[in-house]
Amino acid sequence: MMEVNKEVNPHFEDFLFDWDSKFYFLVGGYGSSKSYHVALKIILKLLAEKRTALVVRDVYDTIRDSCFSLFEEIVIDLGLDDKIRFVTSPMQIRFPNGSKIIFKGMDKPQKLKSIHNISIIWLEECSEIKYAGFKELIGRLRHPTLKLHMILSTNPVAKSNWTYKHFFKVPKIKDTMLYKQRIMRIGDTYYHHSVADDNYFLPYSYIEQLDALKAYDMDLYRIARKGQFGVNGTLVLPQFIVQSHTKVMNAVGDIPSRFLRVGMDFGFEDSYNAVLRIAIDDKRKYLYIYWEYYKNHMTDDATAVDLQEFAESRELIRADSAEPKTIKYYNQEGFRMIGAKKPPGSRTQNTKKVKRFKKIICSAECVHTIDELQDLTYAVNKDGELIEDEFSIDPHTFSATWYGLDGYEVADIKGSYKNYGLQTGKF
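These figures come from a predicted structure and were not determined experimentally. (Residues numbered from 1 in each chain as written. Predicted model: local features only at pLDDT ≥ 70, side-chain atom pairs only at ≥ 80, totals over all residues. Heavy atoms only, no water.)

### Here we look at empty space enclosed by the protein
It is a probe the size of a water molecule, rolled over the atoms, that shows where empty space is left.
Reasoning step 1: Following the criterion strictly, the structure yields one cavity of 30 Å³ or more and no others.
Reasoning step 2: Estimates place the volume of the largest cavity at around 40 Å³.
Reasoning step 3: Surrounding the largest cavity, Lys 159, Ser 160, Lys 169, Ile 370, Asp 371, Gln 374 and Asp 375 form its lining. (1 Å grid on protein atoms, 1.4 Å probe; cavity = no way out; pocket = protein on both sides within 12 Å on 5 of 7 lines; lining within 4 Å. Points joined across faces, edges and corners; volume = space filled by probe spheres on them.)

Given below as structure tokens:
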């Protein structure tokens, strides 16, 4: 191996020379130097061993001015630019021992099929890559003899992003533990957290700019300065809370049957069949969500089998009226199903209706509902203004809630509570 001398930030020294894990997940604030040290780590490894590394970003055209130029900067700084060769078309970096780095974008997935013997993959700004792309890349990480490694680096985004779910939520690891420990290894994953203070080569004026964000943009301050996951944007349902299933069912047991509802949203390919059982505490104006069904790629006949208990119980299901043919099918199969009203502007009105509940209490067993609604935020337009009827994701359980509440009003515009259904018998 060539001898190289390079001063590095102390917080990254352990990471630079650690190759004991399969996955390396680096999350941090702006200017923390995480990308720089990932690139340096890969260069040092490829100088020591003959390997092929793949560097990936979501969009291929962004690589030249980011990762490719970063590698070039480091190689020149190390004084190795006469030994390591940079090829621009297609972008490659070739080492004297036969190692090489190739670059791909997830916007051209067909190009991934032609690569072989990849033992290291770096996903830069991995939160911008789709989860399906991440799983595809795991399949591309293979070599007959060499140990395999995948490095993922990102600024933290919303907790609804797949990176948070995969590395924290699913393995039940608290992100706060990482912010406290800074570096930790759990299973086959090495976790690393960094902020601007960890970069000794950063001018103090830059850190002052990051500190100033706290006065006017707390979301960006959390991401850029603190390097922490959270909720990006304005929550749609800030009153949404999760309780144990036992506690929720005890509360639901005291609610009259006329205030028990079922809502269903239809989906197949990219969307989901979502069915929720909900209960309305009409006096306190609490909404309980206590049972869910959530599947896609299901034909109507297969879904009807899954939901057979509703045909037997004869519970009334209020469903998306945009699918009259589907509703007719379920009725023919013995279900009681009607279409919920969807007049113009109903998305906005239904959203406002749900927001009027003082509390929305969800059973801990309704994991998909929690996943969609707990951190649901409004979409914004190009001017940064909220869009009342668009959200950060397409929340199918929210639609099912809308339909389940069809015909019920939480409060009129004067704030006096209506009790629709007691007189009409709709419940």
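### Focus on unusual backbone geometry
Reasoning step 1: Of the consecutive residues Ser 89 and Pro 90, the connecting peptide bond is found in the cis state with omega at -5°.
Reasoning step 2: By the secondary structure assignment, Pro 90 is in the loop between β3 (85-88) and β4 (91-94).
Reasoning step 3: Here the phi dihedral of Lys 285 falls at roughly 65°; this positive angle occurs in a residue that is not glycine.
Reasoning step 4: Phi is positive for Arg 314, which is not a glycine, with a value near 65°. (Helix = DSSP H or I, 4+ residues; strand = E, 2+ residues; numbered from the N terminus.)

### Brief notes about the pattern of salt bridges
Reasoning step 1: Evaluated as defined, the whole model comprises 20 salt bridges.
Reasoning step 2: Residues Asp 18 and Arg 185 are paired through a salt bridge, measuring 2.5 Å at the closest nitrogen-oxygen approach. Taken together, the positions of Asp 18 in the loop between α1 (13-17) and β1 (23-28) and Arg 185 in strand β8 (residues 183-186) put the pair 167 residues apart, joining distant regions of the chain.
Reasoning step 3: Given the relative accessible area of 40%, Arg 185 is considered partly exposed. (Salt bridge = Lys/Arg side-chain N within 4 Å of Asp/Glu carboxyl O. Buried < 20%, exposed > 50% of the residue type's maximum accessible area, 1.4 Å probe, protein only.)

### Concerning the sheet that holds strand β10 (residues 240-243)
Hydrogen bonding along the main chain pairs the strands of a sheet, whether they run parallel or antiparallel.
Reasoning step 1: An order of β10-β16-β13-β12-β11-β14-β15 is seen for the seven strands of this open sheet, with the pairing classed as mixed. Sheet topology places β10 and β15 (336-340) at the edges, where each strand pairs with a single neighbour. Neighbour to neighbour, the strand axes of the sheet diverge by 30° on average, direction disregarded.
Reasoning step 2: Of the pairings in the sheet, the one linking strand β14 (residues 316-320) to β15 comprises five bridges and is parallel in character. Within β15, the residue paired with Ala 319 across the bridge is Gly 339.
Reasoning step 3: Packed on one face of the sheet, helix α9 (residues 245-252) meets β10, β11 (260-265), β12 (273-281), β13 (286-295) and β16 (359-363) and runs near 120° to β13. (Pairing = 2+ DSSP bridges. Axes fitted to C-alpha atoms, helices over the stretch in contact; angles between N-to-C directions. Contact = heavy atoms within 4.5 Å.)

### Let's talk about the sheet that holds strand β6 (residues 120-124)
Reasoning step 1: An order of β3-β4-β5-β2-β6-β7-β1-β9-β8 is seen for the nine strands of this open sheet, with the pairing classed as mixed. Every interior strand has two partners, whereas the edge strands, β3 and β8, have only one. Strand-to-strand, the axes of this sheet are offset by a mean angle of 15°, without reference to chain direction.
Reasoning step 2: Two strands pair when backbone bridges link them, and strand β2 (residues 52-57) and strand β5 (residues 100-105) are joined in this way by six bridges, in the parallel orientation. Within the sheet, the bridge partner assigned to Thr 52 lies in β5 and is Lys 100.

### Looking at the layout of surface pockets
Reasoning step 1: Of the volumes computed, that of the largest pocket is approximately 950 Å³.
Reasoning step 2: In terms of lining residues, the largest pocket is bounded by 25 residues, among which Ser 160, Trp 162, Lys 165, Tyr 272 and Asp 371 are the most central.
Reasoning step 3: Looking at the lining of the largest pocket, the elements that each hand over two or more residues are α4 (131-140), α5 (162-169) and α14 (367-373).
Reasoning step 4: Top element by residues in the lining of the largest pocket is α14. It accounts for five residues.
Reasoning step 5: Grouping the constituent residues of the lining of the largest pocket by class yields eleven nonpolar, six polar and eight charged.
Reasoning step 6: Approximately 360 Å³ is the volume attributed to the second largest pocket.
Reasoning step 7: In terms of lining, the second largest pocket is formed by 21 residues, of which the most central are Ser 32, Ser 33, Lys 34, Ser 35 and Tyr 36.
Reasoning step 8: Sorting elements by how many residues they give to the lining of the second largest pocket places helix α2 (residues 34-48) first, with four residues. (Nonpolar A, V, L, I, M, F, W, Y, C, P; charged D, E, K, R; others polar.)

### Focus on helix α8 (residues 218-226)
Reasoning step 1: Among the residues making up α8, those that are buried are Tyr 221, Arg 222, Ile 223, Ala 224 and Arg 225.
Reasoning step 2: Tucked inside the fold, the buried residues of α8 contact β1 and α7 (204-212).
Reasoning step 3: Taken from the residues just after α8, Gly 227 is the one with a positive phi, measuring 65°.

### Points about the environment of Tyr 206
Reasoning step 1: Relative to the assigned elements, Tyr 206 resides in helix α7.
Reasoning step 2: Remark: the alpha-carbon pair of Tyr 206 and Thr 154, spanning 52 residues in sequence, is separated by 19 Å.

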